[in-house]
Structure formats: C-alpha cells, structure tokens
Amino acid sequence: MKKLKVTVVGAGNVGGTVANIISQRGYADVVLIDIDGDIAKGKAIDIQQQLAISNSDARIIGGSDYSLTEGSDISVITAGFPRKPGMKREELLEANSKVVKTVTENLIKHSPNTYIIVVTNPVDAMSYLAFKVSGFSRNKVLGMGGVLDTARLKYYIKQKLNVSYNSINAIVIGGHGDEMVPVMSSTTVSGKPITSILNKEEIEEIINKTKNGGAEIVSLLKTGSAYYAPGMAVVRMIESIVFDRKEVLPSSVFCQGEYGIDGIFFGLPVVLGINGLEKIVEVILSEEEKEMFKRSVQSVKNTIEVMNKLPI
Ligand code: APR
C-alpha cells in the first residue's frame, strides 16, 4: 500500500492552511513547496511540531525543490501574487500566469498522474492554463472557487435566519469573481425554498453580500486576502476525491458543451470522486439567474482571451 501524498505549491496563507489541515487529519503526507524554500521549510517544521501535540503521524516536509513532490496523488497550486493597490487585473493575470505555467510544468515532471487543484486567482483562467500546460484530461484539473462562494452564501443566510449550516442547502456556480451566480431559486432552509422565507430585497442583499464576501475580508485584513475558508474549501474537494465521496461540489472545470459552454473553465456543480471530475450536474436556473450566468460566462471568456494573448 502506498500512503497518499499531497503537494501544496505556495506556502503562503492559503497553502499553509491547506497543508496544516491535511497534516492534522493524518491520511496523507504533505509536501509544501515555495519559491522561497525557507518559508516552506519553516512552516513545515512548525506544522510537524504541532503534530507532536495533536498526535498525528502524517509527515510534512517543505522546500523549493520539486523532487520532493515525486509521485504526488494530489497537487494544489496556491502560488502567485495577490492584487496590490494600483495593480490592474491584467497585470495580475500576467504575473500569475507565469507562475502557474512554471509550477504546472514542474509538478507534472515529477507526478505525471497527479490531480491538480488550482487556487491561484483569477482561478478560472489559471485552471485553464494548468489544464493546457499539463495536457491532462479534464477530469484531473479543477479550480477551487464555488465551494468558497457557497460557504459565503451560507454564512450570510445563517446570519439572516439564525439556523444551522446543516439546514441550509445552497450552491453558487459561475466564474469565481464579481460575476458569480448564487442560485437562490433552488436554495432551501430546512427544506423550504428561501424565496418563500425572505422577500426580494432581502434575497438581493444576501446575493450582494456574497459577491462582496472576499472584498470585505480584504478590507478588514489590510495585508492579504481570506485563507481559512479557502483552505478548507480545497480540503473538502480533496477529500471528496480521495475518499470517493462523490459529493456534488461547485468547481471550475473544462466545459465541453455542458450548459452550452465550450472550451473554457467555468464553475459548475460536479460530482467529485476517485476519478476526479466524474460528472457535471444540471441545476435549474430562473430567468434572472440565466442572465447572470450568461454575463458570468462572458466575463470568464474575456479573461481567458486576454490571457491567451499574453507573452507567457
Ligand atoms: N513558485 C512557488 N511559489 C511561489 C511562486 C512560484 N513561482 N511565486 C510566488 N510564490 C509563493 C509566494 O512566495 C508566497 O509564499 O506563493 C505564495 C503566495 O502566498 P500569499 O501571498 O500568502 O497568498 P495567499 O493568500 O496564500 O493566496 C494565494 O490564492 O486565493 C488565491 O487570490 C489568491 O492568488 C492568490 C492565491
């Protein structure tokens, strides 16, 4: 038997969080890679020492050398730059494209059979790039966005209605950005449609708060963006794959005609199991949501078009 091996590239806030949670759970060994190998090493040692307290026997190592990642089952890409004040979206796109391209090339050299989960933003475009560069089949390359956006939607519903997360059934699809699509028409609380509990204005308010969820945290943190929820979102995706849970989780996937979309990565509800992306699930959208969905597709298409013209 071979122990599971998870590599996390980018030992920053999100990468460190993912590495920490997986190590605590104990089912996989973890490799943390960063261009700054000392940071990766330092965080790995800190986590390893933490495991002495929590009694997990997972092994975690860190560095900058990709030979450490040899034979990984799952690789998570969080490496990249955050958007700095004054930086244009396109500048961020160019900077992160270069990072994701190099990281993907290095990863697949040592782990030709790995699943790749991309977190680096803009995630739909970065997942597309990792898919193209890897040459992998589409079931193996996924972007994390929808699980996080769905968590934010559930948070604002919980704030409003004071019910357990367990009683809320909701999903956010679409591109991971301002044009996300919270599917309120099929959202239920204890089995009751939310549209019968809240009025139009209240629902609109929850949608807007969900869309601004990431920005709200950025403005409070001042020096970075969210990482606890993004980190756990990645772990949820990994566990659905490695334990073959077949959960329906919104993920950015390469579309081949589904929902009328072709040739881009886009956030859709998918079954994640031992074969990665196993199935794309249809959800019924209201007329209004269909309009939002169209805008979201257009926005992701534009970003990918811009990226395809970049000198990377
Ligand atoms: N190879 C490896 N690591 C790299 C590279 C590279 N070429 N370029 C940058 N890094 C590392 C940085 O050294 C840093 O440690 O990526 C890490 C990024 O960490 P943070 O700046 O803390 O960013 P984080 O908050 O973790 O977010 C990472 O995920 O949610 C998205 O928008 C977010 O794109 C961002 C990414």
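What comes next concerns the included structure. (Residues numbered from 1 in each chain as written. Predicted model: local features only at pLDDT ≥ 70, side-chain atom pairs only at ≥ 80, totals over all residues. Heavy atoms only, no water.)

1. Side note on the overall build of the protein
Scanning the protein for helices and strands turns up nine helices and 14 strands. Computed over its C-alpha atoms, the radius of gyration of the protein comes to 19 Å, within 12% of the 20 Å expected for a compact globule of 312 residues. A principal-axis box enclosing the C-alpha atoms of the protein has dimensions of 55 × 45 × 40 Å. Looking at the protein as a whole, 51% of its 312 residues qualify as buried. (Helix = DSSP H or I, 4+ residues; strand = E, 2+ residues; numbered from the N terminus. Rg over C-alpha atoms; globule rule 2.2 N^0.38 Å. Buried < 20%, exposed > 50% of the residue type's maximum accessible area, 1.4 Å probe, protein only.)

2. Overview of the sheet that holds strand E10 (residues 188-189)
Taking strand neighbours across the sheet as the criterion, the three strands line up as E7-E10-E11 in an open arrangement whose pairing is antiparallel. The sheet is open, and its two borders are formed by strand E7 (168-169) and strand E11 (192-193), each paired with just one other strand. In this sheet, E10 lies alongside E7 in antiparallel orientation, the contact comprising two bridges. When the sheet's bridge partners are listed, Asn169 is paired in E10 with Thr188. (Pairing = 2+ DSSP bridges.)

3. Focus: helix H8 (residues 228-242)
The terminal C-alpha atoms of H8, which comprises 15 residues, lie 21 Å apart, in line with the 21 Å expected from a rise of 1.5 Å per residue. Most of H8 sits inside the fold, with eleven of its 15 residues counted as buried. By the burial criterion, the buried members of H8 are Pro230, Gly231, Ala233, Val234, Val235, Met237, Ile238, Glu239, Ser240, Ile241 and Val242. Phi turns positive one or two residues past the end of H8, at Asp244, with a value near 50°. (Expected span 1.5 Å × (residues − 1).)

4. Comments concerning the side chain of Thr78
Inspection of the secondary structure assignment puts Thr78 in the loop between strand E4 (74-77) and helix H3 (89-110). Overall, the relative accessible area of 15% leaves Thr78 in the buried class. In contact with Thr78, other than residues within four places in its own chain, are Val8, Val9, Gly10, Val14, Gly15, Val119 and Thr120. (Contact = heavy atoms within 4.5 Å.)

5. Regarding the site of the ligand
Around the ligand, the surrounding shell holds 16 residues, and the nearest of these are Asn13, Val14, Asp34, Thr78 and Asn121. The separation between an oxygen atom of the ligand and a polar main-chain atom of Asn13 is 2.9 Å. Ile35 has a polar backbone atom sitting 3.2 Å from a nitrogen atom of the ligand. Taken by itself the ligand offers 730 Å² of open surface, and the protein chains cover 82% of this. (Near = heavy atom within 4 Å. Polar contact = N/O pair within 3.5 Å; in protein donor to acceptor, adjacent residues only side chain to side chain. Areas by Shrake-Rupley, 256 points an atom, 1.4 Å probe, with all protein chains shown as cover.)

6. Some remarks on the packing of H3 against helix H4 (residues 123-134)
Two numbers describe how H3 lies on H4: the axes approach to 9 Å, and their chain directions differ by 35°. By crossing handedness, the relation of H3 to H4 is classed as right-handed. Along its contact with H3, which presents Leu93, Asn96, Ser97, Val100, Lys101, Thr104, Glu105 and Ile108, the element H4 presents Ala125, Met126, Leu129, Ala130, Val133 and Ser134. Residues of the contact of H3 with H4, tallied by class, amount to eight nonpolar, four polar and two charged. (Axes fitted to C-alpha atoms, helices over the stretch in contact; angles between N-to-C directions. Left-handed = near helix turned anticlockwise from the far one by under 90°. Nonpolar A, V, L, I, M, F, W, Y, C, P; charged D, E, K, R; others polar.)

7. Structural notes on helix H6 (residues 200-211)
Given a rise of 1.5 Å per residue, twelve residues ought to cover 16 Å, and the 17 Å separating the end C-alpha atoms of H6 matches this to within 8%. Turning to H6, its buried residues are Ile203, Ile206, Ile207 and Thr210. For H6, the angular spread of buried residues about the axis comes to 100°, placing them on one side. Residues of H6 that are buried make contact with helix H5 (146-161), strand E9 (181-182), helix H7 (213-221) and helix H9 (287-308). (Arc of directions from axis to C-beta.)

8. Overview of unusual backbone geometry
The linkage connecting Asn121 with the following residue, Pro122, adopts the cis geometry, with an omega of -5°. Position of Pro122 relative to the elements: it lies in the loop between strand E5 (115-118) and H4. In this structure, Lys246 is a non-glycine residue whose phi angle is positive, near 60°. In this fold, Lys246 is placed in the loop between H8 and strand E12 (247-256). The phi dihedral of Tyr259 is positive, around 55°, even though this residue is not glycine. Within the secondary structure layout, Tyr259 lies in the loop between E12 and strand E13 (262-273).

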